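Each chain, written out:
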There are 2 protein chains.
Amino acid sequence: MSEVDADADVTVDFGEDGLVPAIAQDAEDGEVLMLAYVSPEALERTRETGEAHYYSRSREELWHKGGSSGHTQTVEEIRVDCDADTLLYLVDQSVGACHTGHRSCFHRTIDGEHVGEEVFDPDEVY
Amino acid sequence: MSEVDADADVTVDFGEDGLVPAIAQDAEDGEVLMLAYVSPEALERTRETGEAHYYSRSREELWHKGGSSGHTQTVEEIRVDCDADTLLYLVDQSVGACHTGHRSCFHRTIDGEHVGEEVFDPDEVY
């Protein structure tokens, strides 16, 4: 078995633009919910609060997921990939992750087939 | 239910650098295996061959995953997120996805705890 060193934080490689992609996955059933980007501040806030924070590239600001919709993500574990340039948030997702009303942002195939579960009416939330 | 239109391919937004992140997830047990980047050519080759192709940013070339190690990924389905700028490959992974010998590249927590399964000896493969 490999080493277990629970005291040694992994140094995340935020790269040139200061962001890393983070995958949010349902901690319970394994569904991949979304991908967004994380800044050092977003990661720090996520670890401090236990709720997923990202960096919105379109709004150019720290983004507390669910801050306005109430559809927050309680982060149960944060994993880092082998190159330390991608994060995996294992989360307990409130209602749905996608602004379209679906549980997951990956609600269609590349062929345009609808495969995702609709869990709320976006007109009532946003 | 929403529309199902199996004939209408989703137009992927490859953005300024011509790449989108692609998450590879085990189609059977849902484990997130890796994240890599995909060019239009890599996506085309993936759809043509049924085996996952990426674009290696470090080598700056098309990358047939498992081409040298034999640890290929048979792609069962490709999903696209709501913004059409991230892909999800649902795959049947041969042996392991990570060059470190782990099944998944996400084999440790951000606290440095080892959580992943080791499935091969990288010294014997590479």
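Above this note sits the structure.
Thresholds, definitions, all that
- For every chain, the first residue of the written sequence is number 1, and numbering continues from 1 along that sequence.
- For naming, the first written chain is A and the first written ligand is 1, with later ones following in the order written.
- Per-residue local features of the predicted model are confined to residues with pLDDT of at least 70, and side-chain atom pairs are confined, for both listing and counting, to 80 or more; whole-chain, interface and lining totals are unaffected and use all residues.
- Only hydrogens and water are removed before side-chain values are computed, so all heavy atoms of the structure are retained for them.
- Working definition: helices are DSSP H or I runs of at least four residues, strands are E runs of at least two. Numbering for both runs from the N terminus.
- Throughout, the radius of gyration refers to the C-alpha atoms, and the reference size of a globule is 2.2 Å times the residue count to the power 0.38.
- Burial status follows relative accessibility: with a 1.4 Å probe on protein chains alone, a residue under 20% of its type maximum counts as buried, one over 50% as exposed, and anything between as partly exposed.
- The contact rule is simple, with two residues in contact once any of their heavy atoms fall within 4.5 Å.
- Two parts lose some accessible area (1.4 Å probe) when they are put together, and adding that loss for both gives the buried area.
- Only one rule defines a salt bridge in this text: a Lys or Arg side-chain nitrogen within 4 Å of an Asp or Glu carboxyl oxygen.
- Any residue that is not Ala, Val, Leu, Ile, Met, Phe, Trp, Tyr, Cys, Pro, Asp, Glu, Lys or Arg is counted as polar, Gly included; the first ten are nonpolar and the last four charged.
- One bridge is not enough; two strands pair if DSSP finds at least two bridges between them.
- We place the copies in one frame by least squares, fitting the C-alpha atoms of every residue whose pLDDT is at least 70 in both.
- What counts as a ring pair is set by centres within 6.5 Å for rings of Phe, Tyr and Trp (its six-membered ring), and what kind of pair is set by the plane angle: stacked under 30 degrees, edge-to-face over 60, tilted for all other angles.
- Here, a charge over a ring means that NZ of Lys or CZ of Arg falls within 6 Å of the ring centre while also lying within 35 degrees of the ring normal.

### Re the overall build of chain A
A tally of helices and strands in chain A yields 2 helices and 7 strands. Walking chain A from its N terminus toward its C terminus, one meets helices and strands in the order β-β-α-β-β-β-β-β-α. Relative to the compact-globule value of 14 Å for 126 residues, chain A shows a C-alpha radius of gyration of 15 Å, a close match. Considered along the principal axes of its C-alpha atoms, chain A spans approximately 45 × 35 × 25 Å. Looking at chain A residue by residue over its 126 residues, the buried ones come to 50%.

### Structural notes on the interface of chain A and chain B
Each partner contributes to the interface: chain A provides 48 residues, whereas chain B provides 48 residues. It is Phe106, Arg108 and Ile110 of chain A that lose the most area in chain A upon contact with chain B, and together they represent 21% of the buried surface on that side. In this structure, the connection of chain A to chain B is made through 2 salt bridges. Between arginine 47 of chain B and aspartate 111 of chain A there is a salt bridge, and its shortest N-O distance comes to 2.7 Å. Within the residue set of the side of chain A that touches chain B, elements represented by two or more residues are β1 (20–26), β2 (32–38), α1 (40–49), β5 (73–80), β6 (87–93) and β7 (108–109) of chain A. Per element, the largest residue contribution to the side of chain A that touches chain B is 4 residues, and it comes from β5 of chain A. Residues that form the side of chain A that touches chain B fall into these classes: 23 nonpolar, 10 polar and 15 charged. Bridging between β7 of chain A and strand β5 (residues 73–80) of chain B involves 2 bridges; their strand directions are antiparallel. Bridged to arginine 108 of chain A within β5 of chain B is valine 80 of chain B.

### Focus on the relation of the copies chain A and chain B
When chain A is brought onto chain B, the operation consists of a screw motion whose angular component is 180° and whose axial shift is 0.0 Å, with 0.0 Å RMSD remaining. Read as a symmetry element, the transformation amounts to a two-fold axis. By C-alpha distance to the rotation axis, the residue of chain A lying nearest is glycine 30 of chain A, at 2.7 Å. With an isologous cut-off of 70% or more, the 100% of interface residues of chain A that recur at the interface of chain B puts this contact in the isologous class.

### Here's the deal with the packing of aromatic side chains
All told, the structure shown has 4 aromatic pairs over all chains when counted by the stated rule. Arranged with centres 5.4 Å apart and planes meeting at 45°, the rings of tyrosine 54 of chain A and tryptophan 63 of chain A form a pair that is tilted. Members of the aromatic cluster, each reached through a chain of ring pairs, are Tyr54, Trp63 and Tyr89 of chain A. The cationic tip of arginine 57 of chain B hangs over the ring face of tyrosine 37 of chain B; the distance from NZ or CZ to the ring centre is 3.8 Å.

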